[in-house]
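# Chains, contacts and geometry: an overview
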Amino acid sequence: MFRNQLVNRQIGKIAQNLSVALRRPVVWAPPRLIAAEITNLCNLRCPMCKLGQKDLGRDVGLMDYEKYCRLVDEITPFVRNMSFPWYGEPFTRKDFGKFVRYASEKGMVVRVLTNGTYLNKCEIDYLVECNVHSVTVAIDGLEQKTYEIYRVGGNLAEVTAGIKRLVGLRKERRSRYPELIKMNYIVMKHNEHELPHVQEFGKNIGVDLVKIKTAYVERAEAGERFLPTEAGERFLPTDSKYCHYDEEFRLKSGQDNNPGCSDLWRSSVISWEGTMGLCCFDYDCEYSPGNVFQEGFFEVWFGNKMQEFRRRILTDKKNIRLCKRCDR
């Protein structure tokens with residue numbers, strides 16, 4: 001193990017590149033980031049989200065705080081970044097603050113992703129008091145009628161009020177945290193007409209950065225081709241600039257056939273039960289190499305099952321169904 005975080009990062013990159021070149025897994029360092037699913041509960045019903053559509057292939061629940069603390073204690077000498085969540089809306093937990101505080105007290109840099117619907121309702125002081133690098137809020141519509149098409153059950157006015165509250169609290173406390181308050185805007189068919197106004201909207205509500213994102217959808221294989229799902233047909237934008245896929249629904253990046261994936265060397269996702277997912281797209285943990293609460297984080301990360309998955313990613317990626325979901 002390497003205790004120096006910069007060394008970990010560089011060693012991890014070298015090992016990843018060497019693995020691709022040799023077509024066999026070489027892992028010399030722990031991940032740079034861990035995403036912890038403190039809950040996979042969510043208050044919205046987004047149409048392309050398995051959780052929102054109640055189609056998740058595993059139970060819904062809450063991460064045990066004591067087990068979480070033991071995980072943090074195990075990884076903090078080696079892993080610097082903690083992201084909340086993997087899946088779910090972290091603010092559905094009224095005790096979310098203690099998870100953030102514990103990671104921060106142990107020297108971790110925290111990243112928070114949220115739909116923003118609770119920012120104007122709950123206690124958020126810890127976001128300006130702890131070592132929070134970023135709070136990223138998903139806003140995919142500049143008017144309620146556009147926003148609610150995808151963020152079903154959400155109220156845009158409440159979300160923007162919550163962002164303004166957080167921006168105001170940071171200014172009032174003269175805090176450097178969160179270092180970045182960011183708005184993510186996923187381009188879809190129903191909202192792409194708003195693109196010319198997105199940056200101005202973000203500026204008006206006080207965010208530090210607006211990030212334009214592109215949507216991923218499940219793809220159905222049809223022989224040597226792919227077909228979009230019903231949701232893909234409905235939501236993928238018409239402007240090809242903001243679409244991951246070509247006219248045959250193949251990834252433009254060419255990653256359908258390229259070996260390797262950096263995620264299996266640089267990041268890890270942990271479900272509320274302690275199950276390690278193979279990557280952030282392993283929604284149902286069907287490719288899980290083990291449970292970190294039962295076996296220990298590094299036993300799973302460096303273990304035989306994880307190494308076998310890395311080997312398959314390097315040698316047989318095109319036949320792994322999970323890898324059809326993204327362009328990494």
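Refer to the structure printed above.
The following refers to the structure shown. (Residues numbered from 1 in each chain as written. Predicted model: local features only at pLDDT ≥ 70, side-chain atom pairs only at ≥ 80, totals over all residues. Heavy atoms only, no water.)

### Quick word on the packing of helix α6 (residues 156-172) against helix α7 (residues 198-205)
Across the interface, α6 lies against α7 with an axial gap of 9 Å and an inter-helix angle of 55°. Put simply, α6 runs oblique to α7. Within the contact between the two elements, α6 uses Leu156, Thr160, Ile163, Lys164 and Val167 and α7 uses Phe201, Asn204 and Ile205. Counted by class, the contact of α6 with α7 contains five nonpolar, two polar and one charged residues. (Axes fitted to C-alpha atoms, helices over the stretch in contact; angles between N-to-C directions. Helix = DSSP H or I, 4+ residues; strand = E, 2+ residues; numbered from the N terminus. Parallel < 35°, antiparallel > 145°, perpendicular 65-115°, else oblique. Contact = heavy atoms within 4.5 Å. Nonpolar A, V, L, I, M, F, W, Y, C, P; charged D, E, K, R; others polar.)

### Section: the pairing of strand β5 (residues 180-187)
Of all eight residues that make up β5, six are buried, and the element is covered over most of its length. Strand direction decides the pairing type here: strand β4 (residues 132-138) and β5, joined by five bridges, are parallel. Across the sheet, residue Ser134 finds its bridge partner in β5, namely Leu180. The sheet contact formed by β5 and strand β6 (residues 209-214) spans six bridges and is parallel. Residue pairing in the sheet places Tyr185 in a bridge with Ile212 of β6. Running through α7, the crossover from β5 to the neighbouring parallel element β6 is right-handed. (Buried < 20%, exposed > 50% of the residue type's maximum accessible area, 1.4 Å probe, protein only. Pairing = 2+ DSSP bridges. Right-handed = clockwise from strand over helix to strand, strands pointing away.)

### Some thoughts on the packing of aromatic side chains
Under the defined criterion, the tally for this structure stands at 16 aromatic pairs. Ring geometry for Tyr68 versus Phe99: centroids 4.8 Å apart, planes at 55°, classification tilted. Of the two residues, Tyr68 is situated in helix α2 (residues 65-75) and Phe99 in helix α3 (residues 96-105); the sequence distance between them amounts to 31 residues. Summarising the aromatic geometry, the rings of Phe84 and Phe96 are spaced 5.4 Å apart at their centres and angled 85° between planes, so their arrangement reads as edge-to-face. (Phe/Tyr/Trp six-rings, centres within 6.5 Å; stacked < 30°, edge-to-face > 60°.)

### Notes on the sheet that holds β4
The sheet built from nine strands is open, its strands ordered β6-β5-β4-β3-β2-β1-β9-β10-β11 with mixed pairing. Of all the strands in the sheet, the pair left with one neighbour each is β6 and β11 (290-291).

### Quick notes on the packing of α2 against α3
Packed helices, taken two at a time, are described by the angle between their axes plus the distance between the axes. Packing of α2 against α3 leaves a shortest axis separation of 10 Å and a crossing angle of 20°. Accordingly, the angle class assigned to the pair α2 and α3 is roughly parallel. Here α2 and α3 pass one another in a crossing that is right-handed. Listed contacts from α3 to Tyr65, Tyr68, Cys69, Val72 and Asp73 of α2 are Lys98, Phe99, Tyr102 and Ala103. Here the residues of the contact of α2 with α3 sort into seven nonpolar, no polar and two charged. (Left-handed = near helix turned anticlockwise from the far one by under 90°.)

### Notes on helix α12 (residues 304-315)
Look at α12: 16 Å from first C-alpha to last across 12 residues, which is about the 16 Å you get at 1.5 Å a residue. Buried within α12 we find Met306, Phe309, Arg310, Ile313 and Leu314. Burial along α12 is one-sided: seen end-on, the buried residues are contained in an arc of 140°. Residues Asn304 and Lys305 are exposed on α12 and point more than 90 degrees away from its buried face. (Expected span 1.5 Å × (residues − 1). Arc of directions from axis to C-beta.)

### Quick word on the nonpolar core
Of all hydrophobic cores here, the largest spans 82 residues; its most connected members are Tyr68, Phe84, Leu127, Ile139, Ile163, Met183 and Phe297. In this structure Phe84 touches Ala36, Ile38, Tyr68, Pro90, Phe96, Phe99, Val100, Val110, Arg111, Val112 and Leu113, once residues within four positions along its chain are discounted. (Core = buried A, V, L, I, M, F, W, Y, C linked by side-chain atoms within 4.5 Å.)

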